[in-house]
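Fold and contact review
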Amino acid sequence: MKLNGVCIVTSDVSRLAEFYKRVLRTEPVGDDFHVSFEGKNLAIWNPGDKTPKTQHMILMYYVEDIVTEYNRIRELDIVTELTELVKQPWGVIAFSFNDPQGNGVHFLQPIVN
């Protein structure tokens, strides 16, 4: 079994698409009801009146250079609660922030000994 990707359910596809376009540096493909980001395993969907009540999740992305990504996200000036870089006991350096809908976004880099 292989995870196909993550789909964020929202009533505002355009808002989240613009946010993730800047974070992922990838143009979304789609319309006001559904977009996807090629190669990123992420989609955003507005199911209309069938929107579920619980929508929060954490998206985790491995990156090659955590310091460069941290500085890039900070300079975008689109997140309000950016954590500091933290060395985690399970072998990664990470930072996190929330998207406009409150979903967590974590960037991680494995610590190489």
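Residues numbered from 1 in each chain as written. Predicted model: local features only at pLDDT ≥ 70, side-chain atom pairs only at ≥ 80, totals over all residues. Heavy atoms only, no water.

**Quick notes on the sheet that holds strand β6 (residues 86–88)**
- Across the sheet, which stays open at both edges, the four strands sit in the order β5-β8-β7-β6 with mixed pairing between neighbours. The strands lining the two open edges of the sheet, one partner per strand, are β5 (58–62) and β6. Neighbouring strand axes in the sheet, compared pairwise and without regard to direction, differ in orientation by 35 degrees on average. (Pairing = 2+ DSSP bridges. Helix = DSSP H or I, 4+ residues; strand = E, 2+ residues; numbered from the N terminus. Axes fitted to C-alpha atoms, helices over the stretch in contact; angles between N-to-C directions.)

**Structural notes on the pairing of strand β8 (residues 104–110)**
- Summarising the sheet, β5 and β8 pair through five bridges and their orientation is parallel. Bridge pairing in β8 links Tyr61 to Phe107.
- Pairing of strand β7 (residues 92–98) with β8, which is carried by seven bridges, proceeds in the antiparallel orientation. Among the inter-strand pairings, Ser96 is bridged to a residue of β8, identified as His106.
- Hairpin connection between β7 and β8: a loop of five residues separates the two successive antiparallel strands, and Gly102 in this loop has a positive phi of roughly 100 degrees.

**A look at the pattern of salt bridges**
- Overall, the coordinates contain four salt bridges when judged by the stated rule.
- Residues Glu18 and Lys21 are paired through a salt bridge, measuring 4.0 Å at the closest nitrogen-oxygen approach. Here Glu18 and its partner Lys21 are both found in helix α1 (residues 13–24), three residues apart, which amounts to about one turn of the helix.
- Residue Glu18 is classed as partly exposed on the basis of its relative accessible area of 39%.
- Here Lys21 falls in the partly exposed class, since its relative accessible area comes to 27%. (Salt bridge = Lys/Arg side-chain N within 4 Å of Asp/Glu carboxyl O. Buried < 20%, exposed > 50% of the residue type's maximum accessible area, 1.4 Å probe, protein only.)

**Details of unusual backbone geometry**
- Its identity as a non-glycine residue notwithstanding, Arg25 has a phi of 55 degrees, on the positive side.
- Looking at the secondary structure, you find Arg25 in the loop between α1 and β2 (29–30).
- Overall, the relative accessible area of 55% leaves Arg25 in the exposed class.
- In the Ramachandran plot, Asn41 falls in the positive-phi region, its phi being about 55 degrees despite a non-glycine side chain.
- Following the sequence through the fold, Asn41 ends up in the loop between β3 (34–37) and β4 (42–45).

As far as function goes, none of this settles anything; it's purely spatial.
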